[in-house]
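The residues making up each chain are set out below.
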Amino acid sequence: MKLLTHNLLSSHVRGVGPRGFPLRLQATEVRISPVEFNPDFVARMIPKVEWAALLEAADTLHLVEVPKEPIQGYEHDERFLREMHHVLLEVDVLEGTLQCPESGRLFPISRGIPNMLLSDEETET
Amino acid sequence: MQKLTNDDPESWLNAISIWKNLLELDAKKIKLSQKNANSLKRKVGENDIIAKKLKTEQMQEIQENKECQLEKQIEEETLEQGNFTTKRDKSQEELQNDVAEAVDTHNQNDLTFRVSCRCSGAIAKTFTAQEVGRVIGIALMKQFGWKADLRNPNLEIFIHLSDIYSVVGIPVFRVPLASRAYIKTAGLRSTIAWAMASLAEIKAGAVVLDPMCGLGTILLEAAKEWPDVYYVGADVSDSQLLGACDNLKAAGLKDKIELLKVSVIELPLPSESVDIIISDIPFGKKFKLGKDIKHIIQEMERVLCVGGTIVLLLSEDHHRRLKGCEESSVPLNSKGSRTDKPGSTECLNPEEKAAISEPVSSSFAASNQECLDRMPPFGSLVPVECYRVSLGKTDALIYKYKKSHSPGQ
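- Chain B carries the name U6 snRNA (guanine-N(2))-methyltransferase THUMPD2 in an unreviewed UniProt entry, which gives Balaenoptera musculus as its organism.
- Among the UniProt annotations of chain B, the heading Subunit (unreviewed entry) holds the following wording: "Part of the heterodimeric THUMPD2-TRM112 methyltransferase complex; this complex forms an active tRNA methyltransferase, where TRMT112 acts as an activator of the catalytic subunit THUMPD2."
- According to UniProt, the comment filed for chain B under the heading Catalytic activity (unreviewed entry) is "guanosine in U6 snRNA + S-adenosyl-L-methionine = N(2)-methylguanosine in U6 snRNA + S-adenosyl-L-homocysteine + H(+)".

- The name an unreviewed UniProt entry gives chain A is Multifunctional methyltransferase subunit TRM112-like protein, with Balaenoptera musculus as the organism.
- Comment text from UniProt for chain A, heading Sequence similarities (unreviewed entry), reads "Belongs to the TRM112 family."

## Here's the deal with the sheet that holds strand E4 (residues 147-148) of chain B
Residues and elements named next belong to chain B.
Here comes step 1: Across the sheet, which stays open at both edges, the four strands sit in the order E4-E3-E5-E6 with mixed pairing between neighbours. Pairing within the sheet leaves two strands with one partner each, and these edge strands are E4 and strand E6 (166-169).
Here comes step 2: With seven bridges connecting them, strand E3 (residues 112-119) and strand E5 (residues 155-161) associate as parallel partners. Residue pairing across strands places Ser 116 opposite Phe 158, the latter belonging to E5.
Here comes step 3: Its contacts with the sheet place helix H7 (residues 129-144) against E3, E4 and E5, and it is angled at close to 150° to E3.

## Details of the confidence of the model for chain B
Residues and elements named next belong to chain B.
Here comes step 1: Counting all residues, the mean pLDDT for chain B is 67, and 61% of those residues have values of 70 or more.
Here comes step 2: Contacts for the low-pLDDT stretch residues 26-108, under 50 throughout, to residues beyond four places or in other chains number 185 contacts.
Here comes step 3: Within the model, the stretch residues 325-367 combines pLDDT values under 50 with 78 contacts to residues more than four positions away or in other chains.
Here comes step 4: Our summary of model confidence lists the complex with pTM equal to 0.66 and ipTM equal to 0.92.

## A closer look at the nonpolar core
Here comes step 1: Within the largest apolar cluster, 69 residues are counted, with the highest numbers of intra-cluster contacts made by Leu 25 and Leu 98 of chain A together with Tyr 399 of chain B.
Here comes step 2: Counting residues per element, this core draws most heavily on helix H4 (residues 78-90) of chain A, which supplies six residues.
Here comes step 3: In this structure, Tyr 182, Ala 197, Ile 202 and Val 208 of chain B belong to the second largest nonpolar core, which totals 37 residues.

## Description of the sheet that holds strand E4 (residues 113-114) of chain A
Residues and elements named next belong to chain A.
Here comes step 1: Sheet architecture is open: four strands sit in the order E1-E2-E3-E4, paired in antiparallel fashion. With one partner strand each, in any of the chains shown, strand E1 (24-32) and E4 form the two edges of the open sheet.
Here comes step 2: Of the pairings in the sheet, the one linking strand E2 (residues 91-99) to strand E3 (residues 106-110) comprises four bridges and is antiparallel in character. Residue pairing in the sheet places Gln 99 in a bridge with Leu 106 of E3.
Here comes step 3: Lying on the sheet, H4 is in contact with E1 and E2; it crosses E2 at an angle near 60°.

## Quick word on helix H9 (residues 217-225) of chain B
At 3.6 residues per turn, the α-helix brings residues three or four places apart onto the same side.
Residue and element names in this part refer to chain B.
Here comes step 1: Counting buried positions along H9 yields seven of nine residues, so the element is predominantly enclosed.
Here comes step 2: Those residues of H9 not exposed but buried are Thr 217, Ile 218, Leu 219, Leu 220, Glu 221, Ala 222 and Ala 223.
Here comes step 3: Those residues of H9 that are buried lie in contact with helix H8 (190-199), strand E7 (207-210), strand E8 (230-235), helix H10 (238-251), strand E9 (257-261) and strand E10 (274-280).

## Observations regarding the environment of Gln 26 of chain A
All names here are of chain A.
Here comes step 1: Looking at where Gln 26 falls in the secondary structure, it is placed in strand E1.
Here comes step 2: Considered as a pair, Gln 26 and Leu 98 are 72 residues apart in the sequence and their alpha carbons are 6.4 Å apart.
Here comes step 3: When residues no more than four places from it in sequence are discounted, the contact partners of Gln 26 are Glu 95, Gly 96 and Thr 97.

## Some points on the packing of H8 of chain B against H9 of chain B
Residue and element names in this part refer to chain B.
Here comes step 1: Here H8 crosses H9 at 60°, and the two axes come no closer than 8 Å. In terms of axis orientation, H8 runs oblique to H9. Regarding H8 and H9, the two cross each other, and that crossing is right-handed. Across the interface between the two elements, Ser 190, Ala 193, Trp 194, Met 196 and Ala 197 from H8 touch Thr 217, Ile 218, Glu 221, Ala 222 and Glu 225 from H9.

Rules behind the numbers
- Positions within a chain are numbered from 1, following the residues in the order the chain's sequence is written.
- Working convention: letters from A go to chains and numbers from 1 go to ligands, in the order in which they are written.
- Where totals are concerned, whole chains, interfaces and linings use all residues; where local detail is concerned, this predicted model gives features only for residues with pLDDT of at least 70, and gives and counts side-chain atom pairs only at 80 or more.
- Here the side-chain values reflect all heavy atoms present in the structure, with hydrogen atoms and water set aside.
- UniProt positions are given in the numbering used here, feature names are shortened, and annotations may be inferred rather than shown by experiment.
- For two strands to pair, DSSP has to find at least two bridges joining them.
- To qualify as a helix, a DSSP run of H or I must reach at least 4 residues; to qualify as a strand, a run of E must reach at least 2; elements of each kind are numbered from the N terminus.
- Between two residues, a contact is recorded if the distance between any of their heavy atoms is within 4.5 Å.
- Whenever a helix is involved, its axis is fitted only over the stretch in contact; in every case the axis is a line through C-alpha atoms, and angles between N-to-C directions fall within 0 to 180 degrees.
- Per-residue confidence from the predictor is reported as pLDDT, which spans 0 to 100.
- To qualify as a nonpolar core, a set must consist of buried Ala, Val, Leu, Ile, Met, Phe, Trp, Tyr and Cys residues joined through side-chain atoms within 4.5 Å.
- Here the term buried applies to any residue with accessible area under 20% of the maximum for its type, exposed to any over 50%, and partly exposed to those in between, with areas from a 1.4 Å probe on protein chains only.
- Each angle receives one of four descriptions, namely roughly parallel if under 35 degrees, roughly antiparallel if over 145, roughly perpendicular if within 65 to 115, and oblique otherwise.
- The crossing is said to be left-handed when, going from far helix to near helix, the turn is anticlockwise and less than a right angle, and right-handed when the turn is clockwise.

What follows is the structure in structure tokens.
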């Protein structure tokens, strides 16, 4: 699970609503692997990024060199884009958990795939 | 039929040389128009010439007067020729073999061929497929001096006669159009997956979700064609996700497509966070659909951005349930005849019977509209287009919706 994905995920435990974001990340196995750098793609993803969530996750994973916020003219700033590229796409959480900040419910991540299926009781209102 | 082969040898020879030229092209550069054809019919350019010829012959010889149908067929084909948009990855070895063979038999007189024929509808009552095949085969042998080889011919001539059209074609590939070198285990037929992805108006920087991705076929096709996009696939089944993972690795797309184990009616995504949703909704034949189709589409609607697009593949059943009416099961178009949908612009109202009695070409736009009318809006989802496609044994419908506004507005 890449951090770009984590940035998009929100807990859907009943009653939690928008307080289910962001999910707290815990990782037991992380893989950093190179991904082809595509500046256009990264530039387009920047506006969609929830920065607080990203910084929190990056912090948990002890990542360094993470930009704190989008800078002016980021579309043309290669260094900025490369750093974002690394954070969003090259860090893969293989094993770990995601925790709903409101309900505390834990969702496991296994083989890089987060399992966010709720049981039947949890989906009942 | 004999007239067909004897009256115009030119067009046959032209077709053969086009076929040869196509085979000699570099495998990666072959452009084919996308269609939902079954594996036997491969018309690429030749049919344009031949179909026109067929039209005049058939009108004289066969009673069925489906002139307008044929015209439409020809129109669609010419449309397609103008729409060569895709490069298709094709397994190198297949093409090398074909090229080698074609080059070896450069001398046309050494061509070995086989005629494969299929008859359906009223014609099937008059002729058997073997008879037609034999007549054409003998005529060709007499006309061109080719030798018949039933086992491993260089050239395969394929003929399909039905109530609606007559097709004479030469397959360019030995493998189905839907075969892909980069997909390890295919789920949905790749041609349909691609067609759906192309309807979805995928733009660079979009977030594309397939909430019932299965083996990931749709996402794979989309990611190959539109790479600058963020793809997410989701499924409830471990085995499907594992299969999808394998497929992604085999295709080298592991970095482009993320997988989640989530349920489509409980998507852990904020509202209005996804630009495009493309999905093949399980028909219930191979995989069970545990949930109600309405709930599924509701949840999809929730996560979709305003102005976003949804493209779904639905069975007739789903379609009916969406409409909310209890129609008795209507027979689908000509049982047994595989309706080819070249430009995929045909959309038939299932209430029309198999034998289309009116000329369709002028009411083409009208029938499309009728199909649209039968597509119900869904909350803030506005129907845009609807196409009937053939999956081989069954038909299905591709629905395209756009989200017009946030619910509650």
